[in-house]
2 protein chains.
Amino acid sequence: LDYQHVQVPFEITLWIMLASLAKIGFHLYNKLPSVVPESCLLIFVGLIMGGIIYGLNDKSPPVMDSDIFFLYLLPPIVLDAGYFMPSRPFFENIGTILLYAVVGTIWNVFGIGFSLYGICQVKAFHLQDVSLLHNLLFGSLIAAVDPVAVLAVFEEIHVNERLHILVFGESLLNDAVTVVLYKLFRSFCEMPTIKSVDVFAGVGKFFVVGLGGVLVGLAFGMTAAFTTRFTKDIRVIEPLFVFLYSYLSYLTAEMFHLSGIVAIIACAMGMKRYVEANISLKSHTTVKYFMKMWSSVSDTLIFIFLGVSTIGENHEWNWPYICFTVIFCLIWRALGVLVLTFFVNRFHVNTITSKDQFIIAYGGLRGAICFSLVFLLPDFHRKKLFIAATTVVILFTVFVQGMTIRPLVDLLAVKRKRESAPTVGEQIHIRFLDHLLAGIEDISGHWGQYYWKDKLEYFNSKYLQKILLREYDQPKSSIVLLYEKLERKHAIELAEAGQLGHAPSHPSLLRSGFLCSNDRTVITSKKLEDALNPDVLENIQEILARNLYRIRRTGPAYNRHTLPGETEPVAHAKEILILRHKSL
Amino acid sequence: LDYQHVQVPFEITLWIMLASLAKIGFHLYNKLPSVVPESCLLIFVGLIMGGIIYGLNDKSPPVMDSDIFFLYLLPPIVLDAGYFMPSRPFFENIGTILLYAVVGTIWNVFGIGFSLYGICQVKAFHLQDVSLLHNLLFGSLIAAVDPVAVLAVFEEIHVNERLHILVFGESLLNDAVTVVLYKLFRSFCEMPTIKSVDVFAGVGKFFVVGLGGVLVGLAFGMTAAFTTRFTKDIRVIEPLFVFLYSYLSYLTAEMFHLSGIVAIIACAMGMKRYVEANISLKSHTTVKYFMKMWSSVSDTLIFIFLGVSTIGENHEWNWPYICFTVIFCLIWRALGVLVLTFFVNRFHVNTITSKDQFIIAYGGLRGAICFSLVFLLPDFHRKKLFIAATTVVILFTVFVQGMTIRPLVDLLAVKRKRESAPTVGEQIHIRFLDHLLAGIEDISGHWGQYYWKDKLEYFNSKYLQKILLREYDQPKSSIVLLYEKLERKHAIELAEAGQLGHAPSHPSLLRSGFLCSNDRTVITSKKLEDALNPDVLENIQEILARNLYRIRRTGPAYNRHTLPGETEPVAHAKEILILRHKSL
């Protein structure tokens, strides 16, 4: 027996196996996951395992290594989140998200830090040795909402898309603020005196860390898109580039002390549309599937490790400090959301309702990022107290808030995600309004989001697509693109359901009628597009109305466990087939 | 800048990126890969990189770590080889393969060992200090044909299936022999005296190492199949189990000093059919794609590292020893193949031609396994000589033999892989003959391969399928299964080609005629199968003849860079559509 030799890969494989089996186990009982969020169950499994290890060895079980967390477990989850991010709601609410992420997090850090410092002044609590700076440092790590925890809970409760993106977007983008404040206070703690120039340098760092992350991410994303131009002859390594480049963007950002999370999100969102156009359909399925799989496993491992690491003797239980931490976390988050939303609502027509505000405040879950940061703290005499407080806050938010948020959403009748996809009419109107508003903004000289979106789209089709796409066609009317996209999607769904119907009927053929119905299927769509170009917009309404019975959602909401278009394709396909046969 | 922090994952990612980009680079020039095998090009890249590192640092570049090779780079390649192994030719030739792998390898080890010991006795060569045991140890590591090198060359020259499986199967299964002999001689080298009991123990170990590997592999394979029974609710982690269990089988076998290669092949071949039936189509695509991708990258990295490690000051150049090693490797392999094939041909009707024998002997390439084994040798004063000799043998076989084998195959007009797939008639006849021969063997009391195959199939459908498959139907006539499989494959290919034709016409519907053509598409195939059961075999010939125009190959030959069914599906789909429309 030579265990030493294979120990490292063997134990890693076993941990992953345990995580996967735990996941299967939960889903065997259908009722369990609908009551208790999976994250709670996994932490529970971790607690039990930690207890067993503690009982057998009589020493603290191993703590999740912060390096392993930041270098190996976090990137897959963030990559998945960035790649499947619904971009339209994200960019529509980018201002509000940034406000919550930047101002809101700073508010929380200083709020929690100063009020805990106040608590420390009470002599009865024996906490007078905890300085203001240490409290602020603690505030900086405990204030940030955790994307992993938020995702795990919010993907199961299906709130409306805007509310979801507000909480989720905030949890992702606050990473830049957390990185800066945490490192700032940590270095302040070690400095003998703090000069005012250091404070200003810290403020300047915000922009460097955040924008630097975006730039690094976009640079890698564009390189990835460019690389996939040349993979036509060896399709099999295409998926690799998506993973390699996004991971490199994360590592590079971390290397330069920028925000890795922001970088990987920028990389994923930037490369997505170009890579998808370049790689084969099978490669794309593999990319999507593997991303989901990887993030799912990482996520499971994180929660199990969180449970395991909780057990042990790393904690110093000072009850007042711990209880007040939980209370202040709740209070300052609620206050912050109220105040910020007040300003947001003043400048927006489409306001955030008070129910939504409550869910935003209540959904501020803490998770593994806080936990890893608190273990990264330099050794000082109160570190164990901070660890204990962090653990309690995480367990409180994940268990109490995570388990009660679903009943609360039901109780308050918070607006849910719409079940049905937008109709063709709606889609056409949305696009039309986008163009119209871009024009109005242009004329009125107001450079709003529509103006910028229009400019970006122009830049994209004029320059970027020519460089990054392998087969670059002349830009087509966006409505034709939409139609093509929908038809392609429909064909794939039909095929996957095992129900092969008639070939997708191409508009120009139906219109000009120069082909008999049997030959139709053989003609490639390439020729059709050539024949389509001159008078594209004529009769497009009629074609859309005749060929599209029901459109599948184009911007599917984010869910870590399913791939878009996986649910009940058979039923859809049947329905479409019946309708199509009737119409023919 | 904090490079230390991200160094390990950053450098790994960069190496993989380099390998992928090198692969893309070669395929940009279409002519290059058709003349020079990719493995040579990659070693060349490695040599250049090693030279650069050597020139810049003025010290030997890092040598490929044997642990990294055996634990991380080799398993993906072997898994891929095992999973996509064409099982029919493999089991039909299993006797010959085992003969080559076991007896042939032992023959080579002792032949090379003893004749090199003879060379060492020549005083002019200054080699008298190399003992017989050391020569045998060297023989044991240099004798084994390398699966990675063989695959890299043979997948490009497209020889006939039997020849391919003989060389490739041998290179995989000789691992057990290599492991035993290498470890045996290594421990003999360290022992003061060798007792005869040790020699007998060594012989006994053959069976333990080989059969143990098979058992470990099958155990993990069955567990994997059983696990995928329960993944219906979380499809997204299905692919994970295929990788986790096969990797665990490899690690477990290595842990117990069994043959990891044999274990992972047994695991992959054992689980394949059950896992495929349990997991979703998308999961299966992901599994196949990722396996190809991973093995492709591993393979690239191995050859690059091989090149890099060649440069440096690890070598002791004793020309006579090195030259005679190359010569003896060639001679003993040629002799071994001749002698063994003589015996094989006496017991087989379907003999191995002399051209095939030449290619088998000439295709005995050495590769990274030898290289890793020689670095794993304990330090002694002639280790550098062995390293130099191994390096030369590898470079000679990969460059000279690898580059000349394709012209030789053309020159000798070796029988190639048949381009067209077997027709329905052929397939039916093969199946019929299988049944017939099984019956004849049963009656005559001769327990040959057909008898065992029949028994295994019975055991499979009677017990294994009930335990391992999620949706277990009553066993159907194998001809119906074949037809269903072909129809499903055809539908997938049609869909992937983007050419949706009519729904697959189901036999019972065509026959009984109780459905009008429009409704046909909506009925699910489940119902059809129910209706089919009572009189399955009637008219099956007629149905097959009417519905199957041309069958795609069912047992695709192995190729590491493409997935089966990827080549020109559009042309096939068109042809089928035209034929089908005519017939309707």
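Residues numbered from 1 in each chain as written. Chains lettered and ligands numbered in written order. Predicted model: local features only at pLDDT ≥ 70, side-chain atom pairs only at ≥ 80, totals over all residues. Heavy atoms only, no water.

Visitor: Give me the overall build of chain A: which residues, what numbers.
Guide: Of the regular secondary structure elements, chain A holds 25 helices and zero strands. Looking at chain A as a whole, 54% of its 584 residues are labelled buried. Total accessible area computed for chain A in this model is approximately 25700 Å², and 66% of it derives from carbon and sulfur atoms. (Helix = DSSP H or I, 4+ residues; strand = E, 2+ residues; numbered from the N terminus. Buried < 20%, exposed > 50% of the residue type's maximum accessible area, 1.4 Å probe, protein only. Areas by Shrake-Rupley, 256 points an atom, 1.4 Å probe, with all protein chains shown as cover.)

Visitor: Could you give an account of the domain arrangement of chain A, with specific residues and numbers?
Guide: All names here are of chain A. Each assigned domain of chain A is listed here: domain 1 (64–300 + 314–383) and domain 2 (423–471). Taking the mean C-alpha position of each, domain 1 and domain 2 sit 29 Å from one another. Contacts between domain 1 and domain 2 engage 16 residues on the former and 14 residues on the latter. Both faces combined, the contact of domain 1 with domain 2 buries some 1200 Å², and carbon together with sulfur accounts for 42% of it. The largest contributions to the domain 1 side of the interface with domain 2 come from Arg88, Arg229 and Tyr274, which together make up 47% of the buried area. At the boundary of domain 1 and domain 2, one finds one salt bridge. Connecting domain 1 to domain 2 are five residue pairs in polar contact (both at pLDDT 80 or more). For the side of domain 1 that touches domain 2, the element with the highest residue contribution is helix H12 (residues 260–278), accounting for four residues. A breakdown of the residues in the side of domain 1 that touches domain 2 according to their chemical character gives six nonpolar, three polar and seven charged. (Domains from an automatic or database assignment. Contact = heavy atoms within 4.5 Å. Buried area = accessible area lost by both parts, 1.4 Å probe. Salt bridge = Lys/Arg side-chain N within 4 Å of Asp/Glu carboxyl O. Polar contact = N/O pair within 3.5 Å; in protein donor to acceptor, adjacent residues only side chain to side chain. Nonpolar A, V, L, I, M, F, W, Y, C, P; charged D, E, K, R; others polar.)

Visitor: I'd like a description of helix H11 (residues 238–255) of chain A, backed by residues and values.
Guide: For an α-helix, the turn length of 3.6 residues means that residues three or four places apart are oriented alike. Residues and elements named next belong to chain A. Between its terminal C-alpha atoms H11 stretches 26 Å, which fits the 26 Å expected from 18 residues at 1.5 Å a residue. The buried fraction of H11 is high, at 18 of 18 residues. Remark: His257 follows H11 within two positions and exhibits a positive phi of approximately 60 degrees. (Expected span 1.5 Å × (residues − 1).)

Visitor: Provide a residue-level description of the packing of H12(A) against helix H19 (residues 449–468) of chain A, including the pertinent values.
Guide: Residue and element names in this part refer to chain A. Between H12 and H19, the least distance of the axes is 12 Å, while the angle of their chain directions is 45 degrees. Compared by their axis directions, H12 and H19 come out oblique. Crossing geometry of H12 relative to H19 is assigned as right-handed. Contact residues: H12 offers Arg273, Tyr274 and Asn278, while H19 offers Glu457, Asn460, Leu464, Gln465 and Leu468. Looking at the contact of H12 with H19 residue by residue, the classes come out as three nonpolar, three polar and two charged. (Axes fitted to C-alpha atoms, helices over the stretch in contact; angles between N-to-C directions. Parallel < 35°, antiparallel > 145°, perpendicular 65-115°, else oblique. Left-handed = near helix turned anticlockwise from the far one by under 90°.)

Visitor: Quick rundown of the side chain of A:Asn460? Include the residues and the values.
Guide: Residues and elements named next belong to chain A. Tracing the backbone shows Asn460 in helix H19. Of the residues examined, Asn460 reaches a relative accessible area of 4% and is grouped as buried. In contact with Asn460, not counting residues within four places along its chain, are Arg273, Tyr274 and Gln465.

Visitor: Which residues make up a nonpolar patch on the surface, and what values go with them?
Guide: Together, A:Trp107, A:Ile327, A:Ile331, A:Leu335, A:Leu338, A:Val339, A:Phe342, A:Phe343 and A:Phe347 make up a nonpolar patch on the protein surface, roughly 860 Å² of accessible area in all. Looking at the secondary structure, you find A:Leu338 in helix H14 (residues 319–346). (Patch = residues over 30% accessible without salt bridge, like charges linked within 9 Å, V, L, I, M, F, W, Y side chains within 5 Å.)

Visitor: Any chance you could break down the environment of A:Lys415 for me, citing the residues and the numbers?
Guide: Residues and elements named next belong to chain A. Note that Lys415 resides in the loop between helix H17 (383–412) and helix H18 (424–444). When the C-alpha positions of Lys415 and Asn160 are compared, they lie 5.7 Å apart, and in sequence the two are 255 residues distant. In contact with Lys415, not counting residues within four places along its chain, are Val159 and Asn160.

Visitor: I'd like a description of unusual backbone geometry, backed by residues and values.
Guide: Residues and elements named next belong to chain B. One non-glycine residue, His126, lies in positive phi territory at about 55 degrees. Residue His126 is classed as exposed on the basis of its relative accessible area of 60%. The phi torsion at Ala413 lies on the positive side, around 55 degrees, for a residue other than glycine. Mapped onto the fold, Ala413 is located in the loop between helix H17 (383–412) and helix H18 (424–444). Residue Ala413 is classed as exposed on the basis of its relative accessible area of 53%.

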